[in-house]
Amino acid sequence: MDMFDAVQQAVCFLRARLSSEVQVAIVLGTGLGGVAENLEVAARIPYREIPHFPESTVEGHKGELVFGKLGGKSVLAMQGRFHYYEGYSLQQTTLPIRIMRALGCRFLLVNSAAGGLNPHFRAGDVMIVTDHINLMGDNPLRGVLDPRLGERFPDMSRPYDDELIRRAGEAAVERKIQVKYGVYAAVSGPNLETRAETRMLRLLGADAVGMSTVPEVIVASQIGFRTLALAAVTNVNLPDAMEPVSVETVIENAQLIQPKLGAITERVLERLS
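Residues numbered from 1 in each chain as written. Predicted model: local features only at pLDDT ≥ 70, side-chain atom pairs only at ≥ 80, totals over all residues. Heavy atoms only, no water.

**Focus on unusual backbone geometry**
- Between Gly189 and Pro190 the backbone carries a cis peptide bond, its omega angle lying at 5°.
- Here Pro190 lies in the loop between strand 7 (179–187) and helix 5 (195–203).
- Look at His52: it is not a glycine, yet its phi comes out positive at around 70°.
- Assignment of secondary structure puts His52 in the loop between strand 2 (40–46) and strand 3 (64–70).
- Here His52 falls in the partly exposed class, since its relative accessible area comes to 37%.
- One non-glycine residue, Lys176, lies in positive phi territory at about 60°. (Helix = DSSP H or I, 4+ residues; strand = E, 2+ residues; numbered from the N terminus. Buried < 20%, exposed > 50% of the residue type's maximum accessible area, 1.4 Å probe, protein only.)

Right, dumping it as structure tokens:
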């Protein structure tokens, strides 16, 4: 079955279970699923029940689609995402983005845990993503062109929406949350970076590094989403003073940051027109 038909089957399944139209899609990363707990929940749908949906195999990812209200908007939130390093193709990892757009979502809010590279960052910071670098060695748009899925060469000069970035900054000020702005580098993982790789990433201009977000944003740009990405800086990698980091520490720190992400996200949604 081709991608377009898979999207349509999943959309038909979900429309029968959603009580209203959906305006906003949210993707929650490692340790950040608790952001969805602020929703006025109308339905929870396990990924395993949705046609063609992959299953999340990563610790810290709950693996269900949550439908409800947040900030007065109708929201579909993914509690857990899919990663290239799990063995999925980038086409599979980004399938939910296509499905949520086909359901009528116009805005995409992506949250993720990330390692800080900027020496001015600290663990616990929130970074508003202004641009990205794709170092995954693959692209979700690669393959035979199906015009029903979007154009072959989408413009990437503004993958992150300027107005949403501004609103996120204003929301942070109102909530008294200090935020950083920066460039997110995506790598395939699952291993964390060496000192040499960390130094290289910083030289390339990256402020944080992670193993997600970028494929989703590439597809979002192709299909017309307005996108905002927030990264929870769970640790800071300084190549000349690196210390071992465990996944458990990343999850614990992400969970400490998620109230900040939740507050910013809710305030941004309240102001969406």
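Moving on from the model shown.
**Regarding the environment of Ala77**
- Within the secondary structure layout, Ala77 lies in strand 4 (residues 73–79).
- In the structure, Ala77 is positioned 21 residues away from Arg98 in sequence and 14 Å away in space, judged by C-alpha atoms.

**Remarks on the pattern of salt bridges**
- For the coordinates displayed, the defined rule picks out 15 salt bridges.
- In this structure, Arg226 and Asp161 form a salt bridge, with 3.0 Å as the shortest nitrogen-oxygen distance. Here Arg226, found in strand 9 (residues 226–236), pairs with Asp161, found in the loop between strand 6 (126–135) and helix 4 (162–174); they are 65 residues apart in sequence, far enough to count as distant.
- With a shortest N-O distance of 2.7 Å, Arg267 and Glu270 are connected by a salt bridge. Here the residue Arg267 and the residue Glu270 both occupy positions in helix 7 (residues 247–270), the gap between them amounting to 3 residues, near one helical turn. (Salt bridge = Lys/Arg side-chain N within 4 Å of Asp/Glu carboxyl O.)

**Some words on the packing of helix 4 against helix 7**
- Their axes nearest at 9 Å, the elements helix 4 and helix 7 cross at an angle of 120°. Compared by their axis directions, helix 4 and helix 7 come out oblique. In terms of crossing hand, the pair formed by helix 4 and helix 7 is right-handed. Listed contacts from helix 7 to Leu164, Arg167, Ala168, Ala171, Ala172 and Glu174 of helix 4 are Ile264, Arg267 and Val268.
- Grouping the constituent residues of the contact of helix 4 with helix 7 by class yields 6 nonpolar, no polar and 3 charged. (Axes fitted to C-alpha atoms, helices over the stretch in contact; angles between N-to-C directions. Parallel < 35°, antiparallel > 145°, perpendicular 65-115°, else oblique. Left-handed = near helix turned anticlockwise from the far one by under 90°. Contact = heavy atoms within 4.5 Å. Nonpolar A, V, L, I, M, F, W, Y, C, P; charged D, E, K, R; others polar.)

**A word on the environment of Asp131**
- For Asp131, the position within the fold is in strand 6.
- Classification of Asp131 as partly exposed rests on a relative accessible area of 34%.
- Counting along the chain gives 98 residues from Asp131 to Ala229, while the straight-line C-alpha distance between them is 9.4 Å.
- Ignoring anything within four residues of it in the chain, the contact list for Asp131 reads Pro159, Tyr160, Gly182, Val183 and Tyr184.

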